[in-house]
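Observations on chain architecture
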Amino acid sequence: MEAQITIGQLAKATDTKAVTIRYYESAGLVSPVTRTESGYRLYTDRERDRLIFIKRARHLGLSLEDVKSLLGLADDENAPCGRVDSIIHEQLERVRSRLKDLQQLEQELDRLERCCQADTVADCKIIESLSR
């Protein structure tokens, strides 16, 4: 029989808060194998591995919906990989779009920073520019 651990032990093993694990449970991403007589959730290595998968996917900025899709695909070893590729490609496009927006933001902030050499707020070109 596979070893079973409590939510606190799972949280520690994966560096994830118990409240987050419970949230993932309510979203249908992770489920406890059993409960003790006193109602404590018990997990196995399978749930630990799923939680690590979720954390890595979330670190890549994937939505919970995308993570759920990826988990479903991972659970079916015969599923075509095209959907996995599509999810990752879509996320890459979102990241590239955000990077473009951030570069424009950086340029605007740089311009604002360079435009002001005033000693007082009354003469501050940044304040003036933001007020228009």
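That block above? That's the structure.
Presented here is an overview of the structure given in this document. Source: prediction; values computed, not measured.

This paragraph deals with the sheet that holds strand 3 (residues 41-43). In a beta sheet, neighbouring strands pair by backbone hydrogen bonds and run either parallel or antiparallel. Spatially, the 3 strands line up as an open sheet ordered 1-3-2, and their pairing is antiparallel. The sheet is open, and its two edges are formed by strand 1 (5-6) and strand 2 (34-35), each paired on a single side. Bridge count between strand 2 and strand 3: 2 bridges; the pairing is antiparallel. Pairing of R35 across the sheet is with R41, part of strand 3.

Quick look at the pattern of salt bridges now. Side-chain pairs of opposite charge can arise where the charged atoms are in close proximity. Under the counting rule described, the total for this entry stands at 11 salt bridges. R94 is the salt-bridge partner of D66, the closest N and O atoms lying 3.2 Å from each other. Highlighted residues: D66 in helix 4 (residues 64-75) and R94 in helix 5 (residues 82-115), separated in sequence by 28 residues. Classification of D66 as buried rests on a relative accessible area of 9%. Among the salt bridges present, the one from D110 reaches R114, with a minimum N-O distance of 3.0 Å. Of this pair, D110 and R114 both sit in helix 5, 4 residues apart, roughly one helical turn. Under the relative-accessibility criterion, R114 is labelled exposed at 53%. Sharing partners across several salt bridges, the network here consists of D45, R48 and D49.

We now examine helix 4. Here helix 4 is 12 residues long and its end C-alpha atoms lie 16 Å apart, about the 16 Å a rise of 1.5 Å per residue gives. Residues of helix 4 that are buried: L64, D66, V67, L70, L71 and L73. On its buried face, helix 4 sits against helix 2 (18-26), helix 3 (45-59) and helix 5.

Okay, helix 2 next. Those residues of helix 2 not exposed but buried are I21, Y24 and E25. Buried residues along helix 2 cover an arc of 105° about the axis, so they all sit on one side. For helix 2, exposure combined with an orientation more than 90 degrees from the buried face picks out V19 and S26. On its buried face, helix 2 sits against helix 1 (7-14), strand 3, helix 3 and helix 4.

What follows concerns the packing of helix 4 against helix 5. When two helices pack together, their arrangement is given by the angle between the helix axes and by the axis-to-axis distance. Between helix 4 and helix 5, the shortest axis-to-axis distance is 10 Å and the interhelical angle comes to 155°. Comparing their axes, helix 5 and helix 4 come out roughly antiparallel. For the pair helix 4 and helix 5, the crossing hand works out as left-handed. Together, D66, S69, L70 and L73 of helix 4 and R83, V84, I87 and R94 of helix 5 make up the contact between the two elements. A per-class count over the contact of helix 4 with helix 5 returns 4 nonpolar, 1 polar and 3 charged.

Calculation notes
Here the residue numbering is sequential within each chain, running from 1 through the sequence in written order. For a predicted model such as this one, the threshold for reporting local features is a pLDDT of at least 70, and the threshold for listing and counting side-chain atom pairs is 80 or more; totals across whole chains, interfaces and linings nevertheless cover every residue. Computation of side-chain values: all heavy atoms of the structure, hydrogens and water removed. Any two strands between which DSSP finds at least two bridges are classified as paired. Secondary structure elements are defined from DSSP: runs of H or I of at least 4 residues count as helices, runs of E of at least 2 residues count as strands, and each element is numbered from the N terminus. Take a side-chain nitrogen of Lys or Arg and a carboxyl oxygen of Asp or Glu: if they are within 4 Å of each other, that pair is a salt bridge. Per-residue accessibility, obtained with a 1.4 Å probe over protein chains only, is compared with the maximum for each type, and a residue is labelled buried under 20%, exposed over 50%, and partly exposed between these values. What a helix is expected to span follows from its residue count: subtract one and scale by 1.5 Å. Every residue pair with non-hydrogen atoms within 4.5 Å of one another is taken to be in contact. Note that the arc is computed from the directions linking the helix axis to the C-beta atoms. Axes here refer to lines fitted to C-alpha atoms; in helices the fit is confined to the stretch in contact. Angles between the N-to-C directions go from 0 to 180 degrees. Working definition: roughly parallel below 35 degrees, roughly antiparallel above 145 degrees, roughly perpendicular at 65 to 115 degrees, and oblique for all remaining angles. We call a crossing left-handed when the near helix sits turned anticlockwise from the far one by less than a right angle, and right-handed when that turn is clockwise. Basically, the charged four are Asp, Glu, Lys and Arg, the nonpolar ten are Ala, Val, Leu, Ile, Met, Phe, Trp, Tyr, Cys and Pro, and anything else, Gly included, counts as polar.

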